[in-house]
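# Report on the structure
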Amino acid sequence: MGMNARAAVAAVMICASACTADAQDAAPLPQLQAYEVPAAWRQPVAPLRIAERTWQIGTAGLSAILLQGSEGAILIDGGMPQAADHLLANLRALGLAPSDLKLILHSHAHADHVGPLAALRRATGARVLSNAESAWLLAQGGADDIHFGDGLLYPPVHADRLLHDGERVVLGDLRLRVHFTPGHTPGSMTWTWDDRRDDRTLRIVYADSLSAPDYRLLDNPRYPRIVDDYRAAFATVRALPCDLLLTPHPDASGWHFGDAATQPEPVDCRAYADAAEARLDAQLSAERGKTGR
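Bear in mind that the values here come from a model prediction, so they are computed numbers and not experimental data.

### Considering the packing of aromatic side chains
- Under the definition given, this model contains three aromatic pairs.
- Arranged with centres 6.0 Å apart and planes meeting at 70°, the rings of Phe-148 and Tyr-215 form a pair that is edge-to-face. Pair noted here: Phe-148 is in the loop between helix H5 (132-139) and strand E7 (161-162) and Tyr-215 is in the loop between strand E11 (200-206) and helix H6 (226-239), with a separation of 67 residues, a long-range link.
- Judged by relative accessible area, Phe-148 falls into the partly exposed class, the value being 32%.
- Consider the rings of Trp-255 and Phe-257, whose centres lie 5.9 Å apart with planes at 35°: the pair is tilted.

### A few points about helix H2 (residues 84-93)
- Restricting attention to buried positions, one finds in H2 the residues Ala-84, His-86, Leu-87, Leu-88, Asn-90 and Leu-91.
- Contacts from the buried residues of H2 go to strand E3 (65-69), strand E5 (101-105) and helix H4 (117-124).
- Count one or two residues on from H2 and you reach Gly-95, which has phi positive near 80°.

### Concerning the pattern of salt bridges
- Here the structure, examined in full by the defined rule, presents ten salt bridges.
- Notably, a salt bridge pairs Glu-167 with Arg-161, separated by 2.7 Å at the nearest N-O pair.
- What makes Glu-167 partly exposed here is its relative accessible area of 22%.
- Under the relative-accessibility criterion, Arg-161 is labelled partly exposed at 24%.
- Residue Glu-277 is joined to Arg-231 by a salt bridge in which the shortest nitrogen-to-oxygen separation is 2.9 Å.

Calculation rules
- Residues numbered from 1 in each chain as written.
- Predicted model: local features only at pLDDT ≥ 70, side-chain atom pairs only at ≥ 80, totals over all residues.
- Heavy atoms only, no water.
- Phe/Tyr/Trp six-rings, centres within 6.5 Å; stacked < 30°, edge-to-face > 60°.
- Helix = DSSP H or I, 4+ residues; strand = E, 2+ residues; numbered from the N terminus.
- Buried < 20%, exposed > 50% of the residue type's maximum accessible area, 1.4 Å probe, protein only.
- Contact = heavy atoms within 4.5 Å.
- Salt bridge = Lys/Arg side-chain N within 4 Å of Asp/Glu carboxyl O.

Set out below in structure tokens:
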């Protein structure tokens, strides 16, 4: 080894020793922060009947809507990732085998609504239906979210079929229609179907979240037309035939899920959209005030 080589090795060893000492004196790296949610979002409830073929099988604070039909069942949303076993238990409580679940749909691809979809798909063999915007986030397991970065992670899940706005989803005598309502996420979806209760037909709407929790609304580089999308979503939800409204967060539509499914103060689609638009306008005003625009 020549003199230059020996000098280089010595320099590296001195640097390594100094760097190790510096690292030992540095503050520890931060702990990973888990996604923590209210207790109600994690509180199991028994299957609760909404209408003849429509059930809530999720938790007290998060909707997981099951439709039972002639050729199997459809699930819309599942709640948090740890809810998979609870949902399977509620299927059994309704006399359904895991294989009776044929289709899994969703509202938007955040961890508190699609968290257990990968586990449910493995356990049941059901096909997952999504749209192009949400399918990307599902495959990422929630990573690189426009607003939350890597803060809302869940097991990735593959979409078996991509839907178009207004498309019908049919399973035997179950017929649903999807309505794209982007805003809360670019891939947010609202679902409509008919059922019966008290000897009358109900036009049911499962409207996605319309909130913008701490979102950047002005000049958002990841979502430049976010406000336009919200406006369009409000108009879509407001115009839907809507005898009974359900939402991913049940309290947003006046529901209480406990020993029974009750709606002490019913909210219809127009009121739901109007309230969300008023909140968005207030949020926009506050943001303009901070930026001087």
